[in-house]
Amino acid sequence: MGRIGETDLLDRLAPSGRGTWIVQLGLGLLATAMAIGLRTAIDSFAPAAGPFVLGFPAILIATLFGRWQAGLLTGVLTLLYSWYFVLPVRHTLALKSPDETARLALAAINYLAVIVIAELFRRAVRRASDERDREIAERDLFLEEFDHRVKNNFTLVAALLDMQRRRAREAETQAALSSALARVDSIARAHRHLYRGAAASHGAVDMAVYLEELSAALADALFLRGAITLDCACDHGAIPRDRAVSIGLIVNELVTNAAKHAFAGRESGRIEVRFEATPQGWRLVVRDDGVGMPADAKPRKDGGLGQKLIDGFVRQARGTATTETGPGGTVVTVVLEA
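Residues numbered from 1 in each chain as written. Predicted model: local features only at pLDDT ≥ 70, side-chain atom pairs only at ≥ 80, totals over all residues. Heavy atoms only, no water.

A.B. asks: Report on a nonpolar patch on the surface, specifying residues and quantitative values.
C.D. replies: A cluster of nonpolar side chains, Trp 68, Leu 72, Val 76, Leu 80 and Leu 112, forms an exposed patch at the surface whose accessible area comes to about 420 Å². A total of 4 residues in the nonpolar patch trace back to one element, the largest contributor, which is helix H4 (residues 55-86). Looking at where Leu 112 falls in the secondary structure, it is placed in helix H5 (residues 98-167). (Patch = residues over 30% accessible without salt bridge, like charges linked within 9 Å, V, L, I, M, F, W, Y side chains within 5 Å. Areas by Shrake-Rupley, 256 points an atom, 1.4 Å probe, with all protein chains shown as cover. Salt bridge = Lys/Arg side-chain N within 4 Å of Asp/Glu carboxyl O. Helix = DSSP H or I, 4+ residues; strand = E, 2+ residues; numbered from the N terminus.)

A.B. asks: How would you explain empty space enclosed by the protein if you had to name every residue and give the values?
C.D. replies: All chains considered together, the criterion is met by 3 cavities of 30 Å³ or more. The volume enclosed by the largest cavity comes to roughly 60 Å³. Together, Ala 35, Ile 36, Arg 39, Pro 51, Leu 54, Gly 55, Thr 78, Tyr 81 and Ser 82 line the largest cavity. For the lining of the largest cavity, the element with the most residues is H4, which contributes 4 residues. Tallied by class, residues from the lining of the largest cavity come to 5 nonpolar, 3 polar and 1 charged. (1 Å grid on protein atoms, 1.4 Å probe; cavity = no way out; pocket = protein on both sides within 12 Å on 5 of 7 lines; lining within 4 Å. Points joined across faces, edges and corners; volume = space filled by probe spheres on them. Nonpolar A, V, L, I, M, F, W, Y, C, P; charged D, E, K, R; others polar.)

A.B. asks: Summarise the environment of Phe 65; cite the residues concerned and give the values.
C.D. replies: Here Phe 65 is to be found in helix H4. Sequence spacing of Phe 65 and Leu 27 is 38 residues, and the spatial spacing of their C-alpha atoms is 7.9 Å.

A.B. asks: Go over the pattern of salt bridges with me, naming the residues and quoting the values.
C.D. replies: In a structure, side chains of opposite charge can pair up when their charged atoms sit close to one another. Under the criterion given, the structure shown has 16 salt bridges. In this structure, Arg 166 and Asp 162 form a salt bridge, with 2.9 Å as the shortest nitrogen-oxygen distance. Placement of the pair is Arg 166 and Asp 162 together in helix H5, with a separation of 4 residues, close to one helical turn. A relative accessible area of 19% means that Asp 162 is categorised as buried. Its salt-bridge partner being Asp 289, residue Arg 266 comes within 4.0 Å of it at the nearest N-O pair. With Arg 266 in the loop between helix H9 (241-261) and strand S4 (269-278) and Asp 289 in the loop between strand S5 (281-288) and helix H10 (305-316), this pair connects stretches of sequence that are 23 residues apart. A network of salt bridges, in which partner residues are shared, links Asp 231, Arg 270, Glu 272, Arg 274 and Arg 287. (Buried < 20%, exposed > 50% of the residue type's maximum accessible area, 1.4 Å probe, protein only.)

A.B. asks: Help me get a handle on the confidence of the model for the chain, residues and values and all.
C.D. replies: Taken as a whole, the chain shows an average pLDDT of 82; of its residues, 84% reach a score of 70 or greater. Between the elements of the chain, mean pLDDT differs from a low of 50, seen in helix H1 (residues 2-6), to a high of 95, seen in S5. Note on residues 298-303: pLDDT is under 50 here. Beyond four places in sequence and across chains, it has 18 contacts. (pLDDT = per-residue confidence, 0-100. Contact = heavy atoms within 4.5 Å.)

Shown next, in the form of structure tokens:
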């Protein structure tokens, strides 16, 4: 009923206020015609049964959609129709007995009561809807301000890390700061993709759109051009935002590791990102056709921190990861529960 109360046809058909009475007249006549049509159908097998009953739903519908004026018009027309065509002395306004007079008066009072109740309900729903829209507008404004400040903070942190990296003299320190800068940039990208538009409003993310945009950004950031390519193919699916962040960060770490380590001594290669729906949930696959890891090596890591981050992100995403490696490349599969 709340949705019906929000559907004010006058706002849609006469938004400027002009022609309001025409819309109300049309709604009143339409509701009356529906009641008369049902009345005619009922009279075919139960003549004169419940002469005023069908007026109630017609008045209710007219009032909810066209305000009290449309409801009043419907009430008057259906009352006159029942009086003239349905009551025992048909085709005349004469009443058979004083009881019929009381019956007619009671029907008129009940019709007015329905109009009043329906109009009060419609106005209450309208006020609640306006208040909800106002709160949504305030929330969107707050989120926009919050988003702007978070972006500024990410930019500031990235600038500080980059400045320290440039000042560092030791190669090991520069490499560590570069890795930190890349991870901050990854989180910033996740924020840009996930905390905006429909994702910000509904808390869910279309993973196909997100991961394809993320892969394109990674290809640009890692300078994957020409000989080394990054391909992404993902199924559409709505994933809660916080979980999608973890999945995106897993992709970031795995793709970054593959770009750094998989193609040592080679000038060409391919990295694939796949996100697929399964009967149990989802499956994320990051595959490269690089040289693979040495047989005595542990799963690919970046000084230990990279693998720890991947393990942590996998747990946050409620998944399990397996790694297969060989001379033909490395495949990391993350199985995510529904």
